[in-house]
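# Descriptive structure summary
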Amino acid sequence: QVQLVESGGGWVQAGGSLRLSCAASGHTFSNYRMGWFRQAPGKERDFVATINYSGGRTYYADSVKGRFTISRDNAKNTVYLGMNSLKPEDTAGYYCAAGTRARFPAVGDWEYDYWGQGTQVTVSS
């Protein structure tokens, strides 16, 4: 069992930046591939980014490529999502997820086993 707790969300003006964190506990963090998803009200949960076990491989949704950066610190059991040049359409609840399936990149939410409770990001125009 893995427990995930996100933090770092908030309100920001368009063009601004935020850094989300997701702290993991309960199991060996480096055994898990990590991902970030987001869900806006009335919409489906969408893939944002994923990172492999060591942090050496990353993959992004086209909508955030070049603006967002996923990273991890296995010594701190934490995965991060740096978000720059934020747009109003980035407004959503952001969720981190952990999975052990071998496929990379894993962009479907069914490919992850554990989820955090989410942190809200609101970008105003």
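Analysis parameters
- Residues numbered from 1 in each chain as written.
- Predicted model: local features only at pLDDT ≥ 70, side-chain atom pairs only at ≥ 80, totals over all residues.
- Heavy atoms only, no water.
- Disulfide = S-S within 2.5 Å.
- Helix = DSSP H or I, 4+ residues; strand = E, 2+ residues; numbered from the N terminus.
- Salt bridge = Lys/Arg side-chain N within 4 Å of Asp/Glu carboxyl O.
- Buried < 20%, exposed > 50% of the residue type's maximum accessible area, 1.4 Å probe, protein only.

## Observations regarding the state of the cysteines
- Summed over all chains, the structure comprises one disulfide.
- The disulfide bridge from C22 ends at C96, spanning 1.9 Å between sulfur atoms. Residues C22 and C96 are joined by a disulfide whose S-S torsion is about 40 degrees; by sign, that bridge is right-handed. Of this pair, C22 sits in strand β3 (residues 18-25) while C96 is found in strand β9 (residues 92-99), placing the two residues 74 residues apart along the sequence.

## Quick notes on the pattern of salt bridges
- Applying the stated criterion across every chain yields a total of five salt bridges.
- For R45, the salt bridge goes to D109, with nearest N and O atoms at 3.4 Å. Taken together, the positions of R45 in the loop between β4 (33-39) and β5 (46-51) and D109 in the loop between β9 and β10 (114-115) put the pair 64 residues apart, joining distant regions of the chain.
- Residue R45 is classed as partly exposed on the basis of its relative accessible area of 31%.
- For D109, a relative accessible area of 26% gives the class partly exposed.
- In this structure, E111 engages R103 in a salt bridge whose closest nitrogen and oxygen atoms are separated by 2.8 Å.
- E111 gets classed as buried once you look at its relative accessible area, which sits at 5%.
- Taking the relative accessible area as the measure of exposure, R103 reaches 47% and is therefore partly exposed.
- It is possible to trace a salt-bridge network through shared partners that takes in R38, R67 and D90.

Geometric values such as these leave the question of function open.
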